[in-house]
Amino acid sequence: MNDKMSRPALVLGGGGAFGSVQAAYVKAAHELGFRPQLVVGTSVGSLNGAWVAMYPDDPDGLLNVWKGLHRTRVLHPNPLRMVGRVVRRGGGLWANEIVPKLIDDHIGDLRFDDTKLPLGVVATNLSEGRKAVFSAGPLAPAILASTSIPGIFDPVEIGGQLYVDGCVTASVDLVTAMSLGATEILAIDLTPSMLHGSHRPRTALGVLRRSFGVLSHATTDAMQAVVEQHLPVQVVKPQLDALSPWRIHIDDAELERALGEAREVLSLALDADGRVVRREPEMETVVAAANPAGRRSLLQGGRWKQRLRTSQQAAG
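The structure contained in this document is the topic of the report that follows. (Residues numbered from 1 in each chain as written. Predicted model: local features only at pLDDT ≥ 70, side-chain atom pairs only at ≥ 80, totals over all residues. Heavy atoms only, no water.)

1. Comments concerning the packing of aromatic side chains
Working step 1: For the coordinates displayed, the defined rule picks out 2 aromatic pairs.
Working step 2: Taking the centre distance of 4.6 Å and the plane angle of 55° together, the rings of W51 and Y55 count as tilted.
Working step 3: A residue is classified by how much of its surface remains accessible, and W51, at 12% relative accessible area, is buried.
Working step 4: The exposure class of Y55 is partly exposed, given its relative accessible area of 34%. (Phe/Tyr/Trp six-rings, centres within 6.5 Å; stacked < 30°, edge-to-face > 60°. Buried < 20%, exposed > 50% of the residue type's maximum accessible area, 1.4 Å probe, protein only.)

Quick look at the structure:
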């Protein structure tokens, strides 16, 4: 359990339909004693984060929300509608149908002041070209903005400004968590692994997805290298290779697989009291060894520290 002097933060990254897997990791972290005192969420992480901030002791409820969406498609391609949306005025090829329904069913008119834990929802201010973090006012428009995938869904207008998905500027926003007073951070990153470089994208959406993945990895690694100089940080990456980012897949078998993996990985990220373990250079090797079947669910262990030391030695 977390003591009263600590302020653990849960940072939930973006990842579309992978949000169901993230919910399993939230449950596993709760089982292991992790009790966040603040939450930061980007894109689908803002949806999961809102639930955690409202109901911090009910991770099963979050899983049930996702189970109710089993086999739901995030996108419904229709060539005629796509052509219509291209030629008319607008900023997206598809209508964002799932998020508004989830908001209506589970959030409604709730405001940030109604949450039990402080919540930061990360979006991108397209009008001004910068990151935006919502922490006051109604929850619904902030979450809609944070989940508005650019070019896919229409931007969301708030206060005369246009907003799109927070993944454009901070998929896993460790810096905001630190600025809000976090003393330790557990982050769940849903960016697909870049380890399989030979898997060339075959479609325009595939190219877009992988490009965002490369950008997200670079941004998160750089951010982590800075933040972990000040406090313990663990960024965990679920195994996502076998799942579609455009279709929610959370049947009982997948749920048990995700929970088992989450418990295994998080047992190395958290100590016996549910506190975030400060990273060691060899930790990535330890986690890879804990997944002998080639399931590369990695704690991002020590690579940037080692690179920084190597660079400093070379410069000297």
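2. Some words on the pattern of salt bridges
Working step 1: Going through the model one piece at a time under the given rule, you end up with 12 salt bridges.
Working step 2: When the shortest N-O distance is used, the salt bridge between D60 and K27 registers 2.8 Å. Note that D60 is positioned in helix α3 (residues 59-67) and K27 in helix α1 (residues 19-31), a separation of 33 residues in sequence.
Working step 3: K27 sits in the buried class, given a relative accessible area of 13%.
Working step 4: E261 is the partner of R257 in a salt bridge, and the nearest nitrogen-oxygen pair spans 3.3 Å. With R257 and E261 both in helix α9 (residues 252-269) and 4 residues apart, the pair spans about one turn of that helix.
Working step 5: Since its relative accessible area comes to 29%, R257 is described here as partly exposed.
Working step 6: Judged by relative accessible area, E261 falls into the buried class, the value being 1%.
Working step 7: Counted as one network, the salt bridges with shared partners bring together K27, E31, D60 and R263. (Salt bridge = Lys/Arg side-chain N within 4 Å of Asp/Glu carboxyl O. Helix = DSSP H or I, 4+ residues; strand = E, 2+ residues; numbered from the N terminus.)

3. Here we look at the pairing of strand β3 (residues 119-125)
Working step 1: Taken across its 7 residues, β3 has 7 buried, putting it largely inside the fold.
Working step 2: Neither face of β3 is left uncovered, since the one carrying L119, V121, A123 and N125 and the one carrying G120, V122 and T124 both have all their residues buried.
Working step 3: Both strand β2 (residues 38-42) and β3 contribute to a ladder of 4 bridges, which runs parallel. Residue pairing across strands places V40 opposite G120, the latter belonging to β3.
Working step 4: Here β3 runs beside strand β4 (residues 130-134); their pairing, made up of 5 bridges, is antiparallel. What sits directly across from T124, in β4, is K131.
Working step 5: Two strands pair when backbone bridges link them, and β3 and strand β6 (residues 161-165) are joined in this way by 3 bridges, in the antiparallel orientation. Counted as the bridge partner of N125 is Y163 from β6. (Pairing = 2+ DSSP bridges.)

4. A word on the environment of S135
Working step 1: Note on placement: S135 falls in the loop between β4 and α6 (139-146).
Working step 2: S135 sits in the partly exposed class, given a relative accessible area of 48%.
Working step 3: In this structure, the C-alpha to C-alpha distance between S135 and L119, residues 16 residues apart in sequence, is 6.0 Å.
Working step 4: Residue contacts for S135: discarding those within four places in its chain leaves F112 and L119. (Contact = heavy atoms within 4.5 Å.)

5. Considerations on the nonpolar core
Working step 1: With 61 residues, the main nonpolar core has I143, L186 and L266 as its most contacted residues.
Working step 2: In this structure, L186 is in contact with A9, L10, V11, A29, F34, Q234, V236, L266, A269, L270 and V276, ignoring residues within four places of it in sequence. (Core = buried A, V, L, I, M, F, W, Y, C linked by side-chain atoms within 4.5 Å.)

6. Looking at the environment of A123
Working step 1: With respect to the helices, strands and loops of the structure, A123 is situated in strand β3.
Working step 2: Classification of A123 as buried rests on a relative accessible area of 0%.
Working step 3: Each C-alpha atom of the pair A123 and A170 lies 8.2 Å from the other, and the pair is 47 residues apart in sequence.
Working step 4: With residues near it in sequence (within four places) discarded, A123 still touches K131, A132, F134, A145, S146, Y163, V164, D165, G166 and T169.

7. Here we look at α1
Working step 1: With 13 residues, α1 extends 19 Å between its outermost C-alpha atoms, agreeing within 8% with the 18 Å of an ideal straight helix rising 1.5 Å per residue.
Working step 2: The buried fraction of α1 is high, at 12 of 13 residues.
Working step 3: G19, S20, V21, Q22, A23, A24, Y25, V26, K27, A28, A29 and H30 are the residues of α1 that are buried.
Working step 4: Where α1 is buried, its residues contact β1 (8-12), α2 (44-54), α3, β7 (184-188), β8 (233-236) and α9.
Working step 5: Immediately downstream of α1, the backbone of G33 shows phi near 95°, a positive value. (Expected span 1.5 Å × (residues − 1).)

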